[in-house]
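One-letter residues, chain by chain:
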Amino acid sequence: MPLGSRFSLVLSAADEGADWAWAELYRDLAPTLLRFLTTQGAAEPEDLLAECFVHIVRNLHGFEGGEAAFRAWAFTIARSRLVDSWRAAGRRPVSATGSVPESLDRLLHHEAADRDMLQRASVLEVLDVLTPDQRAVIVLRVLDQFSVEETAQIIGKSAGAVKVLQNRAVKALRRTLGSGAGHEGAL
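Residues numbered from 1 in each chain as written. Predicted model: local features only at pLDDT ≥ 70, side-chain atom pairs only at ≥ 80, totals over all residues. Heavy atoms only, no water.

Q: Just checking my understanding: could you explain the overall build of the protein for this structure?
A: For the protein, the count of helices and strands is nine helices and zero strands. Secondary structure elements of the protein, listed N to C terminal, follow the sequence α-α-α-α-α-α-α-α-α. Per-residue burial over the protein gives 34% buried out of 187 residues. Across the protein, every contact between residues at least 6 apart in sequence was considered, and the portion connecting residues at least 24 apart equals 57%. Here the protein has roughly 11400 Å² of accessible surface; of this, 55% comes from carbon and sulfur atoms. (Helix = DSSP H or I, 4+ residues; strand = E, 2+ residues; numbered from the N terminus. Buried < 20%, exposed > 50% of the residue type's maximum accessible area, 1.4 Å probe, protein only. Contact = heavy atoms within 4.5 Å. Areas by Shrake-Rupley, 256 points an atom, 1.4 Å probe, with all protein chains shown as cover.)

Now the structure itself:
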């Protein structure tokens, strides 16, 4: 939910260290940033969200622009943290902890009861057919409603590349959803 006319007041108060302003910025940005990080396959999206806010706090004094530019800046930071986490994961292979039967039992008995979690898992499964860049474009353009130009800035590509990625992503989703549900016009 955008802050609208209150944005400049909240931002300047946050820059001066007002706790209420930081709380308001967090409430405004955190849900969409967390959704973005989660849909991009972040292993620890909450940790990355915290890193994003640490970066925002440290660098807010250098930010200039309106609310739309601030949101794009925050998503650019999130994308950078995400790419950094992917690189780090490539350098440090993850080793499994616990036993497979215990993990499966926990998954089947505790998490299956959470309908919202199952829905999120279904969405993530559908998004898994996309490349990371396609997934980022779809989430930013459709869910977060960024413009082509803002999306291009966030993911570090040209506006033309964003349009191509979005087109290819929609086609891939149509193929996937069409083959799974028998609905060719799902998107």
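Q: Explain the side chain of Thr 32 to me, please; I cannot follow it from the model alone.
A: Structurally, the position occupied by Thr 32 is in helix 2 (residues 19-39). In terms of polar contacts, Thr 32 uses its side chain to reach the backbone carbonyl oxygen of Leu 29, at 3.0 Å. For Thr 32, the contacting residues outside a window of four places in its chain are Arg 71, Phe 75 and Asp 144. (Polar contact = N/O pair within 3.5 Å; in protein donor to acceptor, adjacent residues only side chain to side chain.)

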